There are 6 protein chains.
Amino acid sequence: MSLTHFTHAGEAQMVDVGGKAVTRRRAVAEGWIRMEAATLALIERGGHGKGDVLGIARIAGIMGAKRTADLVPLCHPLSLTRVAIDLTLRPEDLAVHCRATVETNSQTGVEMEALCAVQVSLLTIYDMCKAVDRGMTMTDIRLVEKAGGKSGHWRLGGQT
Amino acid sequence: MSLTHFTHAGEAQMVDVGGKAVTRRRAVAEGWIRMEAATLALIERGGHGKGDVLGIARIAGIMGAKRTADLVPLCHPLSLTRVAIDLTLRPEDLAVHCRATVETNSQTGVEMEALCAVQVSLLTIYDMCKAVDRGMTMTDIRLVEKAGGKSGHWRLGGQT
Amino acid sequence: MSLTHFTHAGEAQMVDVGGKAVTRRRAVAEGWIRMEAATLALIERGGHGKGDVLGIARIAGIMGAKRTADLVPLCHPLSLTRVAIDLTLRPEDLAVHCRATVETNSQTGVEMEALCAVQVSLLTIYDMCKAVDRGMTMTDIRLVEKAGGKSGHWRLGGQT
Amino acid sequence: MSLTHFTHAGEAQMVDVGGKAVTRRRAVAEGWIRMEAATLALIERGGHGKGDVLGIARIAGIMGAKRTADLVPLCHPLSLTRVAIDLTLRPEDLAVHCRATVETNSQTGVEMEALCAVQVSLLTIYDMCKAVDRGMTMTDIRLVEKAGGKSGHWRLGGQT
Amino acid sequence: MSLTHFTHAGEAQMVDVGGKAVTRRRAVAEGWIRMEAATLALIERGGHGKGDVLGIARIAGIMGAKRTADLVPLCHPLSLTRVAIDLTLRPEDLAVHCRATVETNSQTGVEMEALCAVQVSLLTIYDMCKAVDRGMTMTDIRLVEKAGGKSGHWRLGGQT
Amino acid sequence: MSLTHFTHAGEAQMVDVGGKAVTRRRAVAEGWIRMEAATLALIERGGHGKGDVLGIARIAGIMGAKRTADLVPLCHPLSLTRVAIDLTLRPEDLAVHCRATVETNSQTGVEMEALCAVQVSLLTIYDMCKAVDRGMTMTDIRLVEKAGGKSGHWRLGGQT
């Protein structure tokens, strides 16, 4: 087993995907930002017209997906055909849950774009709430599903 | 209590920091990426010249700190005077730990830059290892310390 | 009278502002996007939770202000201390009005940042409504006010 | 009638174009910047080797087209196969006219790229002339023509 | 003979590649940075775990390839399928040699991406060593090979 | 002697400049692009209104200076107060000479910005002429002068 991003000599490269098929690919990622109850209540009120934290985090996540190849050194630059971000208040967890779905017709997958979208959405929530709650934690950011391409359908907790 | 990034009408804004003092400010953030033991072993071997995952993640994190204001909608664009990233293998946690320190002489703090550096470092580790371990999880990304500026010194788990 | 962005030989340059004082500077710009009544009605409904066109345009404008020096070749890169965007439905004009206020503590002014914020806000409204109204027109984009710096206070329609 | 950039719940998304055909698509947009006669005369002289305002605005517009997806939150990132910018002095209107043509082979159109190119070209003219004429106005920025894709050929003032 | 990036009227344009075939294309470029023997020795020691100058320059070059269309005004934005950077110490020349290989499946070639990768790699070496050797020189940066597309296979010093 | 961009453990960092004085700093860099006589003649004709290669390269260089910290991993992001690019035809050398001057009021110098401006200017000339001359070579890119800051005035070929 070895890391594909390195040559035998241990030198990093953007791996060759030129021989892979252009297929429809989808990736889904998720993550949470945990916070105090009072902070969550402020975000919830925002949803009622007092400052739409989740709406802004959603936009930031979509834009973040587009910047992935600028941020992650060995990522291939790709066209994206769809980006959707779901943000849900989870009072029982004292958290906001973020789920990003990214699709492409491409020679390589969009896992990194989905994960990057989640991270930027969560960072944006942190930014807007940090004045009232510096201890918020972004956590359990992970891939949930990956479809398309030779490696087939992958799902967190069990290969389909 | 309300969110400073919104006007009374609930409209988002980049808040006015024009009246704040230019002072030396520092922020420290941290996070983990959890993985399988075999993946951690591959990263460790890389440190011995077979593909330096942590070295690349460090560079990505430093560059990520510089892109914060491009990614987080209401962040102020800032000059940074220092960025350092520490990445440590934590076999006992089956994780890599990332700690980012960012400094500026500015009218506002660099918490977002430190958190963004951690996110991009962890994301880069995910990218380089994803072919062997899709289930890696980025977790407990949070501010550790903040110094400088009117709000004083803040430390995770207790105000100094 | 000649253009300051060119040398005597007619060569473009980013003009020297190194000798100018760092002062607090503000610029205000405005513009309109004209559309069909039905389109304006759709945007208005969005304000009631059905898709917040103006909220997204506001974020895009704020982020656009930060990209000004990337877009306008001879603009100086600057730190910004405040960006605010006001978007108002103007049913009597069949238009949305955009007003951007940008501030800095810097050696040069932020007129371009304010105009760029207006442009990007209006462009974003166009993008979100184009499927129902391709004929929308962005118009009367101009500087409204400029304060700070040696040239003093300027106001559209009359020097203060 | 509703806005395609939002889900039924009113949440913004980058709409799915994965099922659309890759076809050759073209968009043409235009706009004006109105100014004082003396300013127009300065630009005209530049064309004769004293500082080529229009040449620089043309380059800025072409580069601006490439940045569209970075600026407009819900725009799809696209490859472009052609960008051309025509800038014409219109002394009878005390204006410079800008016309941008953008082409792609893609799953979605390039209207936003054409409009963005016009805006950045006009902003760049403003920037280079603002020291002599702060009251310049950018106006009547609109789509002129759109070809390719399922929606067929659209032309300002009458469907072909 | 004339320059394809200009219209008959001498106006710059991003040339139309919409009619060209999507084919697999490759470009190879190279360059050198010359320095003092002591500087080269410092870089060599870094390869043994004291600061990996070449590893960082390699990452910077790969990321630089992805930014080409942002930097070079008339370059087409492209997807890249592979980027590899080889950096070799050349004590006999008192230099580091850089060779970049870039590939795409596209309607136009990637010479500019390969050259840009070389430049950014060399610039990054300069940056990391400048405190000890300001007189380093980047030199002989040129295309080595170009394959794919209508113009066929080109090789420095003789058409294949 | 050691490299300041690395810690004692050999880990890269953006070095701390927070304790350095804000002073006026200037850097000058230069470079050449060598080409066939016929190519040089085409560029020269462009200066007479048939396609202004040097004018576009100048703009690209100025914009390139502003992107330096995006490209060079360990560079500090800086405000720039002046950027000027001189491009001169050198028929006796079958070359175009580029000289970039960059200034700032900052805590660190602008050598990298000046070198990056030269690189991007030369790269842009290559791009516009490559269809007629693939063998052009960019060469002797180096720092010429550096002023301001604690290290004093440095000049190529002899400390002042």
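Counting of residues starts from 1 at the beginning of each chain's written sequence and follows it residue by residue. All chains are assigned letters beginning at A, and all ligands numbers beginning at 1, according to the order in which they are written. Restriction of local features to residues with pLDDT of at least 70 applies here, the model being predicted, together with a cutoff of 80 or more for giving and counting side-chain atom pairs; totals for whole chains, interfaces and linings are based on all residues. Processing note: side-chain calculations cover all non-hydrogen atoms of the structure and skip hydrogens and water entirely.

In the nomenclature of an unreviewed UniProt entry, chain A corresponds to Cyclic pyranopterin monophosphate synthase from the organism Thiorhodococcus minor. Listed under Catalytic activity (unreviewed entry) in UniProt, the entry text for chain A is "(8S)-3',8-cyclo-7,8-dihydroguanosine 5'-triphosphate = cyclic pyranopterin phosphate + diphosphate". Quoted straight from UniProt, the Subunit (unreviewed entry) entry for chain A says "Homohexamer; trimer of dimers." UniProt positions are given in the numbering used here, feature names are shortened, and annotations may be inferred rather than shown by experiment.

A separate point is the overall build of chain A. Strands are runs of DSSP state E lasting at least two residues, helices are runs of H or I lasting at least four, and both sets are numbered from the N terminus onward. Of regular secondary structure, chain A possesses four helices and five strands. Reported as C-alpha extents along the three principal axes, the dimensions of chain A are approximately 50 × 30 × 30 Å. Accessibility here uses a 1.4 Å probe with only protein chains present; expressed as a share of the type maximum, an area under 20% marks a residue as buried, one over 50% as exposed, and anything in between as partly exposed. For chain A, with 160 residues in total, the buried portion stands at 64%. We call two residues in contact whenever any of their non-hydrogen atoms come within 4.5 Å of each other. Contacts in chain A between residues far apart in sequence, at least 24 positions, make up 70% of those at least 6 positions apart.

On to the interface of chain A and chain B, then. Across the boundary between the two partners, chain A contributes 54 residues, which contact 54 residues of chain B. As a working definition, buried area equals the accessible area (1.4 Å probe) given up by two parts on being put together, with both sides summed. Carbon and sulfur atoms supply 67% of the area that chain A and chain B bury against each other, a total of about 4,800 Å² over both sides. In the sections that follow, a salt bridge refers to a side-chain nitrogen of Lys or Arg positioned within 4 Å of a carboxyl oxygen of Asp or Glu. Counting every contact that joins chain A to chain B gives three salt bridges. A salt bridge links Glu111 of chain A to Arg134 of chain B, with the nearest nitrogen and oxygen atoms 3.9 Å apart. We define a polar contact as two N or O atoms separated by no more than 3.5 Å, with the added condition that, inside protein, one atom must be a possible hydrogen donor and the other a possible acceptor, whereas residues neighbouring each other in sequence contribute only through side-chain atom pairs. Between chain A and chain B we count ten residue pairs in polar contact (both at pLDDT 80 or more) in total. Going through the elements one at a time, helix H1 (37–50), helix H2 (53–66), helix H3 (68–71), helix H4 (111–129) and strand E4 (137–147) of chain A are the ones with two or more residues in the side of chain A that touches chain B. Tallying contributions element by element places H4 of chain A first for the side of chain A that touches chain B, with twelve residues. Strand pairing follows a simple DSSP-based rule, namely that at least 2 bridges must link the two strands. Sheet topology note: the E4 of chain A/strand E4 (residues 137–147) of chain B ladder contains four bridges and is antiparallel. Note on E4 of chain B: the bridge partner recorded for Thr137 of chain A is Arg142 of chain B.

What follows is about the pairing of strand E1 (residues 23–34) of chain B. Residue and element names in this part refer to chain B. In terms of strand pairing, E1 meets strand E3 (residues 95–106) through twelve bridges, oriented antiparallel. Looking across to E3, one finds that Glu30 is bridged to Arg99. Pairing between E1 and E4: eight bridges, direction antiparallel. By the bridge assignment, Arg26 is partnered in E4 with Ala147.

With five residues of chain C at the contact, the number on the chain A side is five residues. Summed over both sides, the interface of chain C with chain A buries roughly 410 Å², with 76% coming from carbon and sulfur. Taken together, the links from chain C to chain A amount to zero salt bridges. Counting across the interface, chain C meets chain A through zero residue pairs in polar contact (both at pLDDT 80 or more). Residue classes follow a fixed rule: Ala, Val, Leu, Ile, Met, Phe, Trp, Tyr, Cys and Pro count as nonpolar, while Asp, Glu, Lys and Arg count as charged, and any other residue, Gly among them, counts as polar. Among the residues forming the side of chain C that touches chain A, the class breakdown is three nonpolar, no polar and two charged.

This part is about the relation of the copies chain C and chain A. Copies are brought into register by a least-squares superposition over C-alpha atoms of residues with pLDDT of at least 70 in both. You can overlay chain C on chain A at an RMSD of 0.0 Å; the transform is a turn of 180 degrees with a shift of 0.0 Å along its axis. The two molecules are tied by a two-fold rotation axis, judged by turn and shift. For chain C, the minimum C-alpha distance to the rotation axis belongs to Ile56 of chain C and amounts to 3.6 Å. Of the interface residues in chain C, 100% have counterparts in chain A that sit at the interface too, so the contact is made through matching surfaces.

This part covers the environment of Leu89 of chain F. Residues and elements named next belong to chain F. Tracing the backbone shows Leu89 in strand E2 (residues 82–90). When the C-alpha atoms of Leu89 and Ile43 are compared, they prove to be 8.5 Å apart, with 46 residues separating the residues in sequence. The contacts of Leu89, once residues within four sequence positions are left out, are Leu40, Ile43, Glu44, Leu54, Ala95 and Val96.

Caution applies to low-pLDDT parts of the model: their predicted coordinates are not meant to be read in detail. Residues and elements named next belong to chain A. A score from 0 to 100, pLDDT tells how confident the predictor is in each residue. Averaged over every residue, the pLDDT of chain A is 93; the share at 70 or more is 96%. Across chain A, the element-wise mean pLDDT spans from 84 in H1 up to 98 in H3. Across the assembled chains, the prediction reports ipTM 0.96 with pTM 0.97.

Another aspect to go through is the pattern of salt bridges. With the rule as written, the count across this model stands at 80 salt bridges over all chains. For Glu111 of chain A, the salt bridge identified is with Lys146 of chain A, shortest N-O distance 4.0 Å. Remark: Lys146 of chain A occurs in strand E4 and Glu111 of chain A occurs in helix H4; sequence separation between them is 35 residues. In this structure Glu111 of chain A comes out as buried when scored by relative accessible area, which is 5%. Taken together, the shared-partner salt bridges connect Arg67 and Asp70 of chain A, Arg67 and Asp70 of chain B, Arg67 and Asp70 of chain C, Arg67 and Asp70 of chain D, Arg67 and Asp70 of chain E together with Arg67 and Asp70 of chain F into one network.

No interface is formed between chain B and chain D, the nearest pair of C-alpha atoms being 9 Å apart. Separating chain A from chain F is a minimum C-alpha gap of 9 Å, and the two share no contact.

We now examine helix H4 (residues 111–129) of chain E. An expected span of 1.5 Å times one less than the residue number is assigned to each helix. Across its 19 residues, H4 of chain E extends 28 Å between first and last C-alpha, which sits within 8% of the 27 Å expected from 1.5 Å per residue. Most of H4 of chain E is tucked away: 19 of the 19 residues are buried.

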